[in-house]
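In case you want the letters, here they are:
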Amino acid sequence: MEPNLTQFKKGVLELCVLAVLARADSYGYDIASQLADAIGMGEGTVYPLMRRMQKEALVSTYFVESPSGPPRKYYALTDLGRRSLEAQRGAWESFSSAVSHVLSPERNEGAARPDTQASGASVPTHLTVHKATEKPGT
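Residues numbered from 1 in each chain as written. Predicted model: local features only at pLDDT ≥ 70, side-chain atom pairs only at ≥ 80, totals over all residues. Heavy atoms only, no water.

A. Structural view of the pairing of strand β2 (residues 59–66). Relative to strand β3 (residues 69–77), β2 runs antiparallel, the two being bridged by 7 bridges. Opposite V64, over in β3, you have R72 as the bridge partner. What sits between the antiparallel neighbours β2 and β3 is a turn of 2 residues. (Pairing = 2+ DSSP bridges. Helix = DSSP H or I, 4+ residues; strand = E, 2+ residues; numbered from the N terminus.)

B. Molecular detail of helix α2 (residues 28–39). Helix length check: α2 (12 residues) gives 16 Å between terminal C-alpha atoms against 16 Å at 1.5 Å per residue, within 8%. Among the residues of α2, those classed as buried are G28, I31, A32 and L35. When α2 is viewed along its axis, its buried side chains cluster within an angular range of 95° and face the same direction. Once α2 finishes, G40 follows within two positions and takes phi at roughly 70°, a positive value. (Expected span 1.5 Å × (residues − 1). Buried < 20%, exposed > 50% of the residue type's maximum accessible area, 1.4 Å probe, protein only. Arc of directions from axis to C-beta.)

C. Looking closely at the packing of α2 against helix α3 (residues 43–55). Following both chains from N to C, one finds α2 and α3 inclined at 130°, their axes separated by 9 Å at the closest point. Between α2 and α3, the angle falls in the class oblique. Handedness of the α2/α3 crossing: right-handed. Taken together, the residues of α3 that come into contact with α2 (itself represented by G28, Y29, I31, A32 and L35) are E43, V46, Y47 and M50. (Axes fitted to C-alpha atoms, helices over the stretch in contact; angles between N-to-C directions. Parallel < 35°, antiparallel > 145°, perpendicular 65-115°, else oblique. Left-handed = near helix turned anticlockwise from the far one by under 90°. Contact = heavy atoms within 4.5 Å.)

D. Up close: the sheet that holds β2. Strand order in this open sheet of 3 strands is β1-β3-β2, and the pairing throughout is antiparallel. Each end of this open sheet is capped by a strand with a single partner; those strands are β1 (26–27) and β2. Along the sheet face, α3 touches β2 and β3 and points at about 120° away from the line of β2.

E. Broad picture of the confidence of the model for the protein chain. Overall, the predicted model of the protein chain reaches an average pLDDT of 83, with 75% of residues at or above 70. Model confidence for the protein chain, summarised as mean pLDDT per element, is weakest for helix α1 (residues 3–23) at 91 and strongest for β1 at 96. (pLDDT = per-residue confidence, 0-100.)

F. Highlighting unusual backbone geometry. Of note in this structure, A57 is not a glycine but carries a positive phi near 65°. Topologically, A57 is positioned in the loop between α3 and β2. According to the relative accessible area criterion, A57 is buried, its value standing at 11%.

G. The arrangement of α3 in detail. For α3, which comprises 13 residues, the first-to-last C-alpha distance of 19 Å matches the rise-based estimate of 18 Å (1.5 Å per residue) to within 8%. Those residues of α3 that fall on the buried side of the exposure criterion are V46, L49, M50 and M53. Down the axis of α3, the buried set is contained in an arc of 110°. They therefore lie on one face. Relative to its buried face, α3 has exposed residues pointing more than 90 degrees away, namely G44, R51 and K55. A positive phi of about 65° marks A57, the residue just after α3.

Here it is as structure tokens:
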């Protein structure tokens, strides 16, 4: 795998995990499998991220009995996790749009540049993302 592709995947992994959990609570192996199928991300990268996300209160956990072995640890988004997902989703959409524009300038000839409004007024071209840091119950 190309080194840049690996970095791209690592950069969006948390966003992808949050999106998977926004659809439904899930256990670690299932999350890893979904991400392996979708973006080729390995299991070894997902579990450390899940521990960090739990420590940062983006996800909570609970156990469910499994018919095929020990109970499974399920992850669920917290309110803080949902807010983080929305912030990251918005940042991703802005960023990916800007990158697409840079990569395909001839396709966008004559179209308004993303750094100008319809009125022609300039808008900021850089983006700063801050994670929500509020702990539950505060």
